[in-house]
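# Coordinate inspection notes
Each chain, written out:
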Amino acid sequence: MNFFMEAAKLRAARLLWSRIMEEFKPQKSSSLMLRTHCQTSGVSLQEQDPYNNVIRTAYEALSAVLGGTQSLHTNALDEAMALPTDFSARIARNTQLILNHETGITKVVDPLAGSYYVESLTNELANKAWALIEEVEAMGGMTKAVADGLPKRLIEEAATRRQAAVDRGEEIIVGVNKYRLENEDEIDILAIDNTAVRNGQIKRLEEVRRLRDPKRVAAALAVLEEAAETGEGNLLEVAIEAARARATVGEISDAMRQAFGDHSAVPEVVSDIYGPAYADDPEYKTIVSRLGSYAQTLGSRPKIMVAKLGQDGHDRGAKVIASAFGDIGFEVLAGPLFQTPEEAAELAVREKVQVVGMSSLAAGHRTLAPQLVEALKAKGAENVIVVVGGVVPRQDYDYLMSQGVAAVFGPGTNVLDAANSIIDLLEGKRRNI
């Protein structure tokens, strides 16, 4: 949402791309030109007063075009609550069409060039980005940096720092922490029947398998597996050939899994970011003290597991919660991505957690949260408190609570409010026991 910074970011990226490509002495001048795809931010979208999201997305899209993007994705206004409806998707698409056809900004190359402020920002970004590039190179390259967790850690630190600023009201989000509506009307959302989607996909896969040539598929997968095992040949090329033979994504993945195994990211939680931002805040001190008293009664710090279930790979919000709760005084376990409910329940029982916080961003909450509750019951862990946070429409809160979820924290929830609520749940459970 930092309008000029985002435009300057793309200008700096083009500068750095050209600088790096020159080292390879390209034969075509077009190789020096960076081609960029941009997507407007999902983080800036809010559940509260959601029509403001149209304005946010329009400004972000304008910034990207002024910065020189070649390709653009505009988010829909309701994506902080659910998957987009046809109505919201049309507004998102028309945002691009209006920028393209009605504003004239696409007829000018680099329209912000020459502005002292934009040029200064571009130069500062380029210099600081170059310093990061050199740091990564010194580590042995980006693959090594990713394995060591550097990029993820920097992103999580920045996200946690921003969340603290929003919660404290230092960064204004219109309709969320300032200028709130007293009453908000519900808006239509897209309801997904996950069972119907799953059954439909299974039917399509069965049809693909029925119509394809089994021998051609087996041969293509054998070539892929051999390339993965020997390291000889172009892995992407043989994977494409397997897809052309109508091998499924799962079958292609399994062929490579034989050679590489499964990647298992080691979840790390940053600390001392959220807490220091609240160093002298009375409300924060009260919550820390309250949790400390509860821990004394319990004999240990209460343990919460932040779980990511299903095929949702977005974990920035989950990591922000994990980091903030760690600073408040919880013992925090960050679960790995792409867990099944059964795997999450098994980890929760093994680690003896009191609370599982399921993070949902991909409309799977109506299916996955009840399955998690049932999986915990099956392991004799029905006393483990299950809460859900993330992109959950308010219309689904009652359903989740009826399925055994103890609390739901939607978009825009203040972290301290969430922490207070979970301490309430822990104290209530202890009284009930």
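Refer to the structure printed above.
Moving on to the overall build of the chain. Scanning the chain from N- to C-terminus turns up 17 helices and 7 strands. Its C-alpha atoms give the chain a radius of gyration of 24 Å, near enough to 22 Å, the size a compact globule of 433 residues would have. Oriented by its inertia axes, the alpha-carbon framework of the chain measures out at about 75 × 65 × 50 Å. Every one of the 433 residues in the chain was classed for burial, and the buried ones make up 39%. Put simply, 72% of the contacts in the chain that link residues at least 6 apart link residues at least 24 apart. Accessible surface, the chain as shown: approximately 24,500 Å² in total, 53% of it carbon and sulfur.

What follows is about a negative patch on the surface. On the surface, Glu22, Glu23, Glu134 and Glu137 cluster together into a negatively charged patch. Tracing the chain through its elements places Glu22 in helix α1 (residues 3-22). Using a relative accessible area of 48% as the deciding quantity, one classes Glu22 as partly exposed.

Scanning all chains against the criterion turns up 1 cavity of 30 Å³ or more. The calculated volume of the largest cavity comes to roughly 40 Å³. Lining the largest cavity, in full, are Asn53, Val54, Thr57, Asn75, Ala76, Leu77, Ser88, Ile91, Ala92 and Thr95. Every element with two or more residues in the lining of the largest cavity is listed here: α2 (52-67) and α3 (86-101). Among the elements that make up the lining of the largest cavity, the one with the highest residue count is α3 (4 residues). Of the residues belonging to the lining of the largest cavity, the class tally is 5 nonpolar, 5 polar and no charged.

With that settled, consider the pattern of salt bridges. Summed over the entire model, instances satisfying the criterion amount to 26 salt bridges. A salt bridge links Arg168 to Asp281; the shortest N-O distance between them is 3.7 Å. Taken together, the residues span a long stretch of sequence, with Arg168 in helix α6 (residues 150-168) and Asp281 in the loop between α11 (274-277) and α12 (282-298) at a distance of 113 residues. On the basis of relative accessible area, Arg168 is assigned to the partly exposed category, the value being 34%. Asp254 is paired through a salt bridge with Arg257; the nearest N and O atoms lie 2.4 Å apart. With Asp254 and Arg257 both in helix α10 (residues 249-260) and 3 residues apart, the pair spans about one turn of that helix. In the salt-bridge network here, residues are joined through shared partners; they are Lys152, Glu156, Asp315 and Lys319.

This paragraph deals with the sheet that holds strand β5 (residues 355-360). The strand order β4-β3-β5-β6-β7 describes an open sheet built from 5 strands, whose pairing is parallel. The open sheet is flanked by β4 (331-334) and β7 (407-409), the only strands paired with a single partner. Averaged over all pairs of adjacent strands, the angle between their axes in this sheet comes to 20°, without regard to strand direction. As defined by bridge partners, strand β6 (residues 385-390) adjoins β7 across 3 bridges and the pair is classed as parallel. Note on β7: the bridge partner recorded for Val387 is Ala407.

Further remarks concern the packing of aromatic side chains. Applying the stated rule across the entire model yields 5 aromatic pairs. With a centroid separation of 5.5 Å and 80° between ring planes, the pair formed by Phe4 and Tyr117 is classed as edge-to-face. Taken together, the positions of Phe4 in helix α1 and Tyr117 in helix α4 (residues 116-139) put the pair 113 residues apart, joining distant regions of the chain. Taking the relative accessible area as the measure of exposure, Tyr117 reaches 45% and is therefore partly exposed. Between the aromatic rings of Tyr278 and Tyr284, the centroid separation amounts to 5.5 Å while the plane-to-plane angle is 25°, which identifies the pairing as stacked. Here the aromatic cluster, defined as three or more aromatic residues joined through ring pairs, consists of Phe3, Phe4 and Tyr117. Taking NZ or CZ as reference, Arg19 lies 4.6 Å from the ring centre of Trp130, over its face. The lysine or arginine in question, Arg168, covers the ring of Tyr278, its NZ or CZ lying 5.2 Å from the ring centre.

Criteria and thresholds
- Residues numbered from 1 in each chain as written.
- Predicted model: local features only at pLDDT ≥ 70, side-chain atom pairs only at ≥ 80, totals over all residues.
- Heavy atoms only, no water.
- Helix = DSSP H or I, 4+ residues; strand = E, 2+ residues; numbered from the N terminus.
- Rg over C-alpha atoms; globule rule 2.2 N^0.38 Å.
- Buried < 20%, exposed > 50% of the residue type's maximum accessible area, 1.4 Å probe, protein only.
- Contact = heavy atoms within 4.5 Å.
- Areas by Shrake-Rupley, 256 points an atom, 1.4 Å probe, with all protein chains shown as cover.
- Patch = residues over 30% accessible without salt bridge, like charges linked within 9 Å, V, L, I, M, F, W, Y side chains within 5 Å.
- Salt bridge = Lys/Arg side-chain N within 4 Å of Asp/Glu carboxyl O.
- Lys, Arg positive; Asp, Glu negative; His and termini not counted.
- Charge placed at Lys NZ, Arg CZ, Asp CG, Glu CD.
- 1 Å grid on protein atoms, 1.4 Å probe; cavity = no way out; pocket = protein on both sides within 12 Å on 5 of 7 lines; lining within 4 Å.
- Points joined across faces, edges and corners; volume = space filled by probe spheres on them.
- Nonpolar A, V, L, I, M, F, W, Y, C, P; charged D, E, K, R; others polar.
- Pairing = 2+ DSSP bridges.
- Axes fitted to C-alpha atoms, helices over the stretch in contact; angles between N-to-C directions.
- Phe/Tyr/Trp six-rings, centres within 6.5 Å; stacked < 30°, edge-to-face > 60°.
- Lys NZ or Arg CZ within 6 Å of the ring centre and 35° of its normal.

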